[in-house]
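# Coordinate inspection notes
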Amino acid sequence: KAITRSEVMLHARPEHQNALIAYETGDVQGAGKVADDFLKVLPALTPDPLGGDPSIWFYEYLYRAGKMKKEDLTSRRKEWLKSQELGKTQKENQRMAPFRWAMIYAGFAETEDEAKEALDILPDFLPLPPDSRRTMQFAADSGKAYALAGKYDDAIPLLRATTAACIGLDMPELQTRSYYFLGLALEGKGDLAAAKKAYQVVVDRWGGAKPKSVTAEKAKGRLKLLE
């Protein structure tokens, strides 16, 4: 079973990382191509015996690259949720609901409108997990959505948890982007000194990246405005 399960994830995780890297460098079409190529191969891989379906990771990049319409993305989300809930007890689905929300709505959000859309649908996925069960991915994704939507008091604790965690080597993209969104939230609250420090971490880590990092360039822009 371990070998069977690892087959699909063995391919999905690095390909998802490749899509993330392309997107972070501003190569939206490249990210879309990575996603498209993987999804074409996915049916040939042995399914995860536990029912995991990594396809949801890739639909965002198809949408961003113009290879999928919004209504198709909405349909895919619903299909994915239905497949994940199938065969689970009501208690299991209730426990997993907020994590699924973070994965397909909050994690997807990159604009104020998308963040507000994610938060508008959040009531359908409550209750939120207690602090002891919140993963770093959940904290980063939900914190990002709150920050983009202007819900700074909700965003800051989640993003502080992510930026303070020892995940810099294992999850550098997640943590570094969290510093940027923490900066946005702190700036929104008027704590400009702390916001500058958060933005500076992004610049220190990715400011010299080649190709350039989209997030680092945004952080540089915020720092310039706060001078």
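Our structure is the block above this text.
Not measured: the values here are computed from a predicted model.

Definitions and limits used
Residues numbered from 1 in each chain as written. Predicted model: local features only at pLDDT ≥ 70, side-chain atom pairs only at ≥ 80, totals over all residues. Heavy atoms only, no water. Helix = DSSP H or I, 4+ residues; strand = E, 2+ residues; numbered from the N terminus. Buried < 20%, exposed > 50% of the residue type's maximum accessible area, 1.4 Å probe, protein only. Lys, Arg positive; Asp, Glu negative; His and termini not counted. Salt bridge = Lys/Arg side-chain N within 4 Å of Asp/Glu carboxyl O.

Our focus in this paragraph is the side chain of D141. You can see D141 is positioned in helix α7 (residues 136-148). Look at D141: it is buried, it has no salt bridge, and the nearest opposite charge is K144 at 4.9 Å.

Taken as a whole, this structure holds 14 salt bridges when the rule is applied. As a salt-bridge pair, E24 and R177 come within 4.0 Å of each other at their nearest N and O atoms. Residue E24 is found in helix α1 (residues 2-24), and its partner R177 is found in helix α9 (residues 172-189); the two are separated by 153 residues along the sequence. By the burial criterion, E24 is buried, and R177 matches it. Across the pair R222 and E187 runs a salt bridge whose closest N-O atoms are separated by 2.4 Å. Taken together, the positions of R222 in helix α11 (residues 214-225) and E187 in helix α9 put the pair 35 residues apart, joining distant regions of the chain. The class for R222 is partly exposed, based on a relative accessible area of 23%. On the accessibility criterion, E187 (17% relative accessible area) is buried. One network of salt bridges, with partners in common, ties together E24, E110, K144, E173 and R177.

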